[in-house]
Structures are given as C-alpha cells and as structure tokens.
Amino acid sequence: MRDSLSTALVQLRVDPEEPATSRRERASSLVRAQQGADLVVLPELWPVGAFAFQEFETAAEPAEDGPTARAMSAAARDAGVWLHAGSVVERAPDGALFNTSLVFAPDGALAATYRKIHRFGFDRGEATLMSAGTTPVTVPHPAAPLGLATCYDLRFPELFRALTDAGAHLLVVPAGWPEKRAAHWTLLARARAVENQCYVLACGTAGTHAGVPQAGRSLIADPWGEILAEAPDAEERVLTAELDLTLVSEVRETFPALKDRVL
C-alpha cells in the first residue's frame, strides 16, 4: 500500500429534465477533468435519480456493457483513474433489478460490482422494485483496499464492520440522500469512520430526484471521524482531498479499540 491517496468526489446534479445521455456525457467530462487523482467517486443512481422509482424499469441496463458502463469505462481510461462510477439500475440476465455500483480500473476494465444490500423504502419504492444484494464487496485498489456500500447501507453498521474485517481501509458510500435527513448523513458517515477506524468517502447528489431535494453535502472523514473536506450545500461541485493512508494503521495502533471486540 502507498502512503497517500488523491481523491475526488463528484457531487453530480440530477435534473429530471436532462436526458440520461446528456448526463452521462456531463459526468464523463467531470471524470476526465480529474486526471491525476487516484480515486474518483460519483453518486448513487445518477443516471435516473434515486427517487425516480417509476423510471427504474425503463432505465435498467446491464451492469457490464450497458450505456453507463461503456461511458464510465471510457472516462476512467481517458483520465487514467480508478473510478467508482456510483450506481445504476442493473437488469440482471434473469430480469431482476438491482441497485448496482460499478468500479473501473485506470485501463477501463470493470474491476468490481456491488449490489446494494439494504434497499430503502419500507416496503415501497426501491424496497419493492429491486432485489437485494447479498455479498459485501471489497476492491484491491493498489493504494489501499476499498469497502463498498450504498446510501441506506450507511444505517447498518454490521455491513461496515464486515468490510473492515475483510481488510478495507477506505469505505466508499455513493448516495442519493434526501435533504430533510441531511443531519443523519453527516452523523452516520462520521460514526462509520470512528467505529471502524477507516476513511469514509461519502458522495451525494445535487439537485432534485423526482421531487425530492437532495442533501448534497458530500464529505470525507478520517479514521478519527474528523471531516477533511465537505460540500457546504447541494450544488454540483467536485470535492477533493489528499488522504494520509498511514493514519489508518496509526489510529488502530494508538487506540486499538477493534482489538477489544467481544461480539
């Protein structure tokens, strides 16, 4: 592992009047502008909008070779970056829908996918329209292992502990988090950083999804839970930070709380 990591969180605006093809082009341009970063992150379900439930069926696409995957693969390759491309509505070969994150290597290869385990909606919306993922996923980024989670997953600490046990030093959380629960977003992201002594990279959307104002407020928290960078609002912007990766081991050695686990 390396000692540092250059990160860029793209807090992308989702405008219901903008065609998905146009948004893919705009997202691709923003990714290409991050050339030199070690890791670029996009938000959850930005091609359609996390709350645009009525659009999920028509917006569904294959995870490996759909239009979003092709566009993001090319953008990652052109910029020479590791790209967490947020998530898409995946249509699996059997027709089932999943909220699936896509991670690309700098050569454009699809390095990992993660199907969101915890679906939001309380028996409505995503919770009824999408199938649940079952497997925690880590990615062997050359600088430090990444643990993948998506939006509502943030409320379930056991997933993040499983990712930590699997070796993650950075926890990456794309989201379409609503503005009315923005305080929870910040609180939970910092809590996941503190309890797992990891970096948390939480990337939200700007704009409005199907009438639901988004929180934005993307943030990067260090293993002490301190915020290194934070978007002040829900406007489209790119949030950057240089991470000291040695801090993860340092915190775990000087305050070895993980060693005192009983359950």
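These numbers come from a predicted model, not from an experiment. (Residues numbered from 1 in each chain as written. Predicted model: local features only at pLDDT ≥ 70, side-chain atom pairs only at ≥ 80, totals over all residues. Heavy atoms only, no water.)

Assigned secondary structure in the chain consists of 7 helices and 15 strands. In terms of C-alpha radius of gyration, the chain reaches 17 Å, essentially the compact-globule figure of 18 Å for 263 residues. Taken along its principal axes, the extent of the C-alpha atoms in the chain is 50 × 40 × 35 Å. Each of the 263 residues in the chain was classed as buried or not, and the buried ones make up 57%. By sequence separation, contacts in the chain at least 24 residues apart represent 67% of the contacts at least 6 residues apart. (Helix = DSSP H or I, 4+ residues; strand = E, 2+ residues; numbered from the N terminus. Rg over C-alpha atoms; globule rule 2.2 N^0.38 Å. Buried < 20%, exposed > 50% of the residue type's maximum accessible area, 1.4 Å probe, protein only. Contact = heavy atoms within 4.5 Å.)

This part covers the nonpolar core. Within the largest apolar cluster, 52 residues are counted, with the highest numbers of intra-cluster contacts made by Leu170, Leu201 and Leu243. Excluding anything up to four places from it in sequence, Leu201 contacts Thr7, Leu9, Leu39, Val41, Leu170, Leu171, Val172, Val173, Leu219, Ile220 and Leu243. If you look at the next biggest cluster of nonpolar residues, it comprises 23 residues, including Val10, Val40, Ala63 and Met72. (Core = buried A, V, L, I, M, F, W, Y, C linked by side-chain atoms within 4.5 Å.)

Right, let's get into the packing of aromatic side chains. As enumerated under the stated definition, the model contains 9 aromatic pairs in all. Ring centres of Phe120 and Phe122 lie 5.3 Å apart, and the angle between their planes is 70 degrees; this geometry places the pair in the edge-to-face category. Centroid distance Phe120 to Tyr152: 5.1 Å. Interplanar angle 75 degrees. Geometry classified as edge-to-face. Of this pair, Phe120 sits in the loop between strand 6 (110-115) and helix 4 (126-129) while Tyr152 is found in the loop between strand 8 (146-148) and helix 5 (157-165), placing the two residues 32 residues apart along the sequence. Connected via pairs of aromatic rings, a cluster forms that spans Phe51, Phe53, Phe56, Phe120, Phe122, Tyr152 and Phe156. Positioned above the aromatic ring of Phe98, the side-chain terminus of Arg115 is 3.8 Å from the ring centre. (Phe/Tyr/Trp six-rings, centres within 6.5 Å; stacked < 30°, edge-to-face > 60°. Lys NZ or Arg CZ within 6 Å of the ring centre and 35° of its normal.)

Time to look at the packing of helix 1 (residues 20-32) against helix 3 (residues 67-79). How two helices pack is summed up by the angle between their axes together with the distance between the axes. At their nearest, the axes of helix 1 and helix 3 sit 8 Å apart, and the two run at 20 degrees to each other. When the axes of helix 1 and helix 3 are compared, the pair comes out roughly parallel. Where helix 1 crosses over helix 3, the two elements pack in a sense that is right-handed. Facing helix 1, whose interface residues are Arg24, Ala27, Ser28, Val31 and Arg32, helix 3 presents Pro67, Thr68, Ala71, Met72, Ala74, Ala75, Ala76, Asp78 and Ala79. Residue composition of the contact of helix 1 with helix 3, by class: 9 nonpolar, 2 polar and 3 charged. (Axes fitted to C-alpha atoms, helices over the stretch in contact; angles between N-to-C directions. Parallel < 35°, antiparallel > 145°, perpendicular 65-115°, else oblique. Left-handed = near helix turned anticlockwise from the far one by under 90°. Nonpolar A, V, L, I, M, F, W, Y, C, P; charged D, E, K, R; others polar.)

Once that is clear, we can look at the pairing of strand 1 (residues 4-11). Side-chain positions along a regular strand alternate between the two faces of the sheet. The element strand 1 is largely enclosed, with a buried count of 7 among its 8 residues. In this sheet, strand 15 (residues 237-244) lies alongside strand 1 in antiparallel orientation, the contact comprising 8 bridges. In the sheet register, Leu9 faces strand 15, and the bridge partner there is Leu239. Of the pairings in the sheet, the one linking strand 1 to strand 3 (residues 39-41) comprises 3 bridges and is parallel in character. Bridging across to strand 3, Thr7 finds its partner in Leu39. (Pairing = 2+ DSSP bridges.)

Now for the pattern of salt bridges. Applying the stated rule across the entire model yields 15 salt bridges. Across the pair Glu90 and Arg115 runs a salt bridge whose closest N-O atoms are separated by 2.9 Å. In this pair, Glu90 is assigned in strand 4 (residues 82-91) and Arg115 in strand 6, connecting sequence segments 25 residues apart. Its relative accessible area of 31% is what places Arg115 among the partly exposed residues. Via salt bridges that share partners, Arg13, Glu18, Arg23, Arg26 and Glu236 belong to a single interconnected network. (Salt bridge = Lys/Arg side-chain N within 4 Å of Asp/Glu carboxyl O.)

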